[in-house]
Amino acid sequence: MDRPPPYFPQGSLNPKDENRYRKFKIAVGVIAAVALLVLVGAILGLYYLVAWLAG
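Calculation criteria
Residues numbered from 1 in each chain as written. Predicted model: local features only at pLDDT ≥ 70, side-chain atom pairs only at ≥ 80, totals over all residues. Heavy atoms only, no water. Helix = DSSP H or I, 4+ residues; strand = E, 2+ residues; numbered from the N terminus. Rg over C-alpha atoms; globule rule 2.2 N^0.38 Å. Buried < 20%, exposed > 50% of the residue type's maximum accessible area, 1.4 Å probe, protein only. Areas by Shrake-Rupley, 256 points an atom, 1.4 Å probe, with all protein chains shown as cover. Phe/Tyr/Trp six-rings, centres within 6.5 Å; stacked < 30°, edge-to-face > 60°. Patch = residues over 30% accessible without salt bridge, like charges linked within 9 Å, V, L, I, M, F, W, Y side chains within 5 Å. Salt bridge = Lys/Arg side-chain N within 4 Å of Asp/Glu carboxyl O.

## Comments concerning the overall build of the protein
Then, in step 1: A tally of regular secondary structure across the protein gives 1 helix and 0 strands.
Then, in step 2: Taking 2.2 N^0.38 as the reference for a compact globule, 55 residues should give roughly 10 Å; the C-alpha atoms of the protein span a radius of gyration of 25 Å, well beyond that estimate.
Then, in step 3: Within the protein, the proportion of its 55 residues that are buried is 0%.
Then, in step 4: Accessible surface, the protein: about 5,900 Å² in total, of which carbon and sulfur atoms supply 69%.

Structural data, given as structure tokens:
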């Protein structure tokens, strides 16, 4: 009963995607742009909140 485990191929069964790196760069760019928009919105929101409370 002391047998090695069955063989599983180490490589992917799907062919490599030629545009994988390009898709990754686009995804990172979109995430960075959304994060930047959220940050700018938070800063503007805080600015207008402080102006409203002080006003």
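## What about the packing of aromatic side chains?
Then, in step 1: Per the stated rule, a full pass over the model turns up 1 aromatic pair.
Then, in step 2: On the basis of an interplanar angle of 70° and a centroid distance of 5.4 Å, the ring pair of Tyr47 and Tyr48 is categorised as edge-to-face.
Then, in step 3: Exposure remark for Tyr47: the relative accessible area of 55% places this residue in the exposed category.
Then, in step 4: The class for Tyr48 is exposed, based on a relative accessible area of 55%.

## Overview of a nonpolar patch on the surface
Then, in step 1: On the surface, Leu36, Leu39, Val40, Ile43, Leu44, Tyr47 and Tyr48 cluster together into a nonpolar patch covering about 750 Å² of accessible area.
Then, in step 2: Along the polypeptide, Tyr48 turns up in helix 1 (residues 20-54).

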